Amino acid sequence: MVKTATFEALLADAVPDGNGGYTFTLEGKRYALKEKDEVRKIAEEQGYIIIY
């Protein structure tokens with residue numbers, strides 16, 4: 001199965017955590033991020049093709 005996501009949609013799913021970082025959920029797994037740009041790496045590790 002091919003999984004795709006737009007970079008903008010991934011960024012929209014990274015919400016501020018109130019401590020200067022972000023919370024990001026992908027496929028039911030929650031991640032704590034320092035920067036929003038980390039969503040790209042996480043999505044690629046889960047097999048997503050990122051569309052810019």
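Residues numbered from 1 in each chain as written. Predicted model: local features only at pLDDT ≥ 70, side-chain atom pairs only at ≥ 80, totals over all residues. Heavy atoms only, no water.

Chemist: Looking at this structure, how should I read unusual backbone geometry?
Modeler: Among all residues save glycine, negative phi is the norm, and among peptide bonds the norm is trans. With a phi close to 55°, E27 is a non-glycine residue in the positive phi region. Structurally, E27 is set in the loop between β3 (22–26) and β4 (29–33). (Helix = DSSP H or I, 4+ residues; strand = E, 2+ residues; numbered from the N terminus.)

Chemist: What should I look at first to understand the nonpolar core in this one?
Modeler: Nonpolar side chains in soluble globular proteins tend to end up buried together. Of all hydrophobic cores here, the largest spans 14 residues; its most connected members are L10, F24, L26, L33 and V39. Taken together, the elements giving at least two residues each to this core come down to α1 (7–12), β3, β4, α2 (38–45) and β5 (48–51). (Core = buried A, V, L, I, M, F, W, Y, C linked by side-chain atoms within 4.5 Å. Buried < 20%, exposed > 50% of the residue type's maximum accessible area, 1.4 Å probe, protein only.)

Chemist: Explanation requested: α2 in the structure shown.
Modeler: Each turn of an α-helix holds 3.6 residues, which means side chains three or four residues apart point in the same direction. V39, I42 and A43 are the residues of α2 that are buried. The arc enclosing the buried residues of α2, seen along the axis, measures out at 95°, which places them on a common side. Opposite the buried face of α2, at more than 90 degrees from it, the exposed residues are K41 and E45. Tucked inside the fold, the buried residues of α2 contact α1, β2 (14–16), β3, β4 and β5. Of the residues flanking the end of α2, it is G47, one or two places downstream, whose phi is positive at about 90°. (Arc of directions from axis to C-beta. Contact = heavy atoms within 4.5 Å.)

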